Amino acid sequence: MPAIASLTRYGAGAGDASLADLSDNTNRWGTPPAAREAIVSAATASYRYPTLYGETLATAVAAYAGVSVSSVVTGCGSDNVIDAAMKAFVGPGRRVAYCAPTFVMVPTFIQWAGATAVTVPFLPDGDIDADALLATDADLIYLCAPNNPTGVAPSPAAVARVLDGARGVVLVDEAYFEFSNVTVADRVATHERLLVARTFSKAFGLAGLRVGYGLAHPTLVGALERARGPYTMNAIGEAAAVAALSHDLPWVHARVNDAIAAREQLTAVLRDTGHQPYPSAANFVLVPVADAGAFAATMRTAGLLVRPFRALPGIGDAVRITVGPPDVMTRLITAIRSLA
Ligand code: PMP
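Because the structure is a prediction, the values reported are computed rather than measured.

S.K.: Help me get a handle on the pairing of strand S11 (residues 307–312), residues and values and all.
M.R.: Direction of pairing for S11 relative to strand S12 (residues 316–322): antiparallel, over a ladder of four bridges. Along S12, the bridge assignment pairs Arg307 with Arg320. Linking S11 back to S12 in an antiparallel pair, the connection comprises three residues, with Gly314 at a positive phi of about 80°.

S.K.: Any details on a nonpolar patch on the surface? Residues and values, ideally.
M.R.: Together, Tyr49, Leu52 and Tyr231 give the surface a local cluster of nonpolar side chains, amounting to about 350 Å² of exposed area. Tracing the sequence through the fold places Tyr49 in the loop between helix H2 (33–43) and helix H3 (55–65).

S.K.: Got a sec to walk through the packing of aromatic side chains? Specific residues and values, please.
M.R.: Applying the stated criterion to the full structure yields seven aromatic pairs. Taking the centre distance of 5.7 Å and the plane angle of 55° together, the rings of Phe200 and Tyr213 count as tilted. With Phe200 in the loop between strand S7 (194–199) and strand S8 (212–216) and Tyr213 in strand S8, the pair connects residues that are 13 residues apart, well separated along the chain. In this structure, Phe200 and Tyr213 share a single accessibility class: buried. An aromatic cluster is built from Tyr64, Phe200, Phe204 and Tyr213, whose rings are joined through pairwise contacts. For the cation-ring pair, Arg198 lies above Phe177, with the distance from its terminal atom to the ring centre recorded as 3.9 Å. Of note, Arg320 hangs over the ring of Phe284, and the distance from its end group to the ring centre comes to 5.8 Å.

S.K.: Go over helix H7 (residues 156–165) with me, naming the residues and quoting the values.
M.R.: Taken residue by residue, H7 has Ala158, Val159, Val162 and Leu163 as its buried positions. Buried residues of H7, viewed axially, fall in a sector of 140°; they line one side. Relative to its buried face, H7 has exposed residues pointing more than 90 degrees away, namely Pro156, Ala157 and Asp164.

S.K.: Quick one: what's the story with the nonpolar core, residue by residue and with numbers?
M.R.: By size, the foremost hydrophobic cluster in this structure holds 77 residues, and its most contacted members are Leu133, Leu143, Phe200, Leu215, Leu266, Ile321 and Leu332. Considering each element in turn, this core owes the most residues, eight residues, to helix H11 (residues 249–272). Apart from residues no more than four positions distant in its own chain, Leu332 is found in contact with Leu22, Leu266, Met299, Leu304 and Ile321. Val73, Val81, Val96 and Ile110 belong to the second-largest nonpolar core, a separate cluster that totals 30 residues.

S.K.: Lay out unusual backbone geometry in plain terms, naming residues and giving numbers.
M.R.: Cis geometry is adopted by the peptide bond preceding Pro101, which originates at Ala100 and carries an omega value of 5°. Position of Pro101 among the secondary structure elements: in the loop between strand S3 (95–100) and helix H5 (106–112). Look at the link from Asn148 to Pro149: it is a cis peptide, with omega at 20°. Relative to the helices and strands, Pro149 resides in the loop between strand S5 (140–144) and H7. If you check the backbone angles, Tyr231 has positive phi at about 60° while not being a glycine. Considering the arrangement of structural elements, one finds Tyr231 in the loop between helix H9 (218–228) and helix H10 (235–247).

Rules behind the numbers
Residues numbered from 1 in each chain as written. Predicted model: local features only at pLDDT ≥ 70, side-chain atom pairs only at ≥ 80, totals over all residues. Heavy atoms only, no water. Pairing = 2+ DSSP bridges. Helix = DSSP H or I, 4+ residues; strand = E, 2+ residues; numbered from the N terminus. Patch = residues over 30% accessible without salt bridge, like charges linked within 9 Å, V, L, I, M, F, W, Y side chains within 5 Å. Areas by Shrake-Rupley, 256 points an atom, 1.4 Å probe, with all protein chains shown as cover. Salt bridge = Lys/Arg side-chain N within 4 Å of Asp/Glu carboxyl O. Phe/Tyr/Trp six-rings, centres within 6.5 Å; stacked < 30°, edge-to-face > 60°. Buried < 20%, exposed > 50% of the residue type's maximum accessible area, 1.4 Å probe, protein only. Lys NZ or Arg CZ within 6 Å of the ring centre and 35° of its normal. Arc of directions from axis to C-beta. Core = buried A, V, L, I, M, F, W, Y, C linked by side-chain atoms within 4.5 Å. Contact = heavy atoms within 4.5 Å.

The structure is reproduced here in structure tokens:
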């Protein structure tokens with residue numbers, strides 16, 4: 001298929017265990033304790049298939065997110081949920097609109113579905129341009145809240161405007177919800193074309209197990225499950241995510257607070273050293289730099305892996321840095337100060 005042949009392989013991370021990896025916005029504090037125990041217990045039943053559509057996790061997620069069980073779809077990471085949405089709701093000849101730059105996989109999901117991407121610039125203050133998004137008349141509008149890679153949270157008023165005015169499906173990607181504590185999940189019960197995508201890869205510290213979910217009207221959930229297919233989420237991941245929701249919420253909330261404090265510390269140091277970082281509502285900070293490759297190379301010599309972006313639309317070169325515990329922050333801040 002020509003659309004697939006033109007895609008490049010995803011190139012994140014360097015896989016070098018000697019480096020502190022601050023490149024992928026995962027939980028640098030580790031895996032929550034009850035989830036770790038559940039992983040070990042679930043291992044003995046690995047000869048069995050998992051639940052068909054993640055029914056056990058859906059029940060736990062419904063309680064956590066305050067929606068009915070029929071409004072939950074699970075998946076192999078939220079990537080799987082977003083991909084299923086593109087397959088279920090758009091296809092060849094259909095258009096997907098989003099503000100750029102955003103989550104790097106979004107154009108790929110659109111291409112996999114054979115649909116067309118329509119990009120809109122962010123407003124000068126960093127907010128989404130609700131009017132421009134609506135003016136595209138797209139079949140699906142993707143909003144990332146907070147946005148990756150900028151970390152900026154769209155204003156609730158602009159998100160509401162898109163939700164109220166969109167003709168098609170609105171996919172609100174809340175991968176970093178636990179850090180922003182702002183959600184539109186409360187609208188899932190009444191908005192028939194809203195899909196909220198979330199993940200266990202970030203605040204919940206389970207990126208290696210690939211667990212994500214979506215919150216949507218039961219009609220959308222049915223379509224998403226048909227597009228996703230059975231058994232895509234593995235049993236160990238489901239057991240770990242259920243344990244995390246049942247027993248690890250205090251741990252998760254404490255680590256979220258640690259991450260927010262580290263983010264504010266990093267933002268202040270960057271400002272203090274003459275940079276203009278974006279105001280982040282997530283567990284990472286994007287900072288525009290003259291040469292992203294050179295900045296990342298300097299960090300690498302200090303044993304730190306950060307994510308360089310070259311020529312981001314409306315931004316230029318920038319580096320995205322995930323925050324972590326005090327030992328990592330000390331190394332990071334020393335390396336940044338040595339550049340100034
Ligand atoms: N959405 C956003 C905005 C992300 O940053 C990521 C991970 N980088 C994902 C979705 C995918 O997360 P996962 O598939 O690990 O759940």
